[in-house]
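Per-entry structural report
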Amino acid sequence: MVRLPLTPADVERGQRLGALLRRARGERSMLATALDAHVSPETLRKIESGRVATPAFSTIAAIADVLGLSLDEVWAEINPPDRGAAPARSGHTARERFAS
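A brief look at the structure comes next. From a predicted model like this one, the values you see are computed outputs, not experimental measurements.

Cut-off values and rules
- Residues numbered from 1 in each chain as written.
- Predicted model: local features only at pLDDT ≥ 70, side-chain atom pairs only at ≥ 80, totals over all residues.
- Heavy atoms only, no water.
- Helix = DSSP H or I, 4+ residues; strand = E, 2+ residues; numbered from the N terminus.
- Salt bridge = Lys/Arg side-chain N within 4 Å of Asp/Glu carboxyl O.
- Buried < 20%, exposed > 50% of the residue type's maximum accessible area, 1.4 Å probe, protein only.
- Contact = heavy atoms within 4.5 Å.
- Expected span 1.5 Å × (residues − 1).
- Arc of directions from axis to C-beta.

1. Some remarks on unusual backbone geometry
Excluding glycine, residues mostly have negative phi values, and the peptide bonds linking residues are mostly trans. Although it is not a glycine, His38 adopts a positive phi angle of roughly 60°. Relative to the helices and strands, His38 is located in the loop between α2 (30-37) and α3 (41-49).

Here's what the structure looks like:
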């Protein structure tokens, strides 16, 4: 499988995701958070640092759940609305929005 290079927008979105997760984790240890989410501490570290800009949906969902974040909150934070852009499409699930 050939993986397409990340766009600058992908990289920025990954950095926003990492910052959001770090803020939400607060004083909670990375190890405890990772173990509770059933991901490796290294995976969480890479996501929080922005090194993994496009983590799997299930990984984001698991970490968000442990941190008490809804997927809608995560989506809104990492995808700020563009000025002049068309309104967001309604009726899509969080999984569909993350996959787009």
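Now that the structure has been shown, the text picks up again.
2. What about the pattern of salt bridges?
Applying the stated criterion across every chain yields a total of six salt bridges. Here Asp10 ties to Arg13 by a salt bridge, and the two come within 2.7 Å at their closest N and O atoms. Of this pair, Asp10 and Arg13 both sit in helix α1 (residues 8-25), separated by three residues, roughly a single helical turn. Taking the relative accessible area as the measure of exposure, Asp10 reaches 16% and is therefore buried. By relative accessible area, which is 25% here, Arg13 ends up partly exposed. Where Asp36 meets Arg28, a salt bridge forms, and the shortest distance between an N and an O atom there is 2.1 Å.

3. So, the side chain of Thr59
Its place among the elements puts Thr59 in helix α4 (residues 57-67). Dropping the residues within four chain positions of it, Thr59 is found in contact with Val39, Thr43 and Ile47.

4. A look at α1
Taking 1.5 Å per residue, 18 residues should reach 26 Å; α1 reaches 26 Å between its end C-alpha atoms and fits that length. Of the residues making up α1, those classed as buried are Asp10, Gly14, Leu17, Gly18, Leu20, Leu21 and Arg25. Projected down its long axis, α1 carries its buried residues within an arc of 165°, all on one side. Of the residues in α1, the exposed ones pointing more than 90 degrees away from the buried face are Pro8 and Arg23. Where α1 is buried, its residues contact α2, α3, α4 and α5 (71-78). At the C-terminal side of α1, Gly26 shows a positive phi close to 55°.

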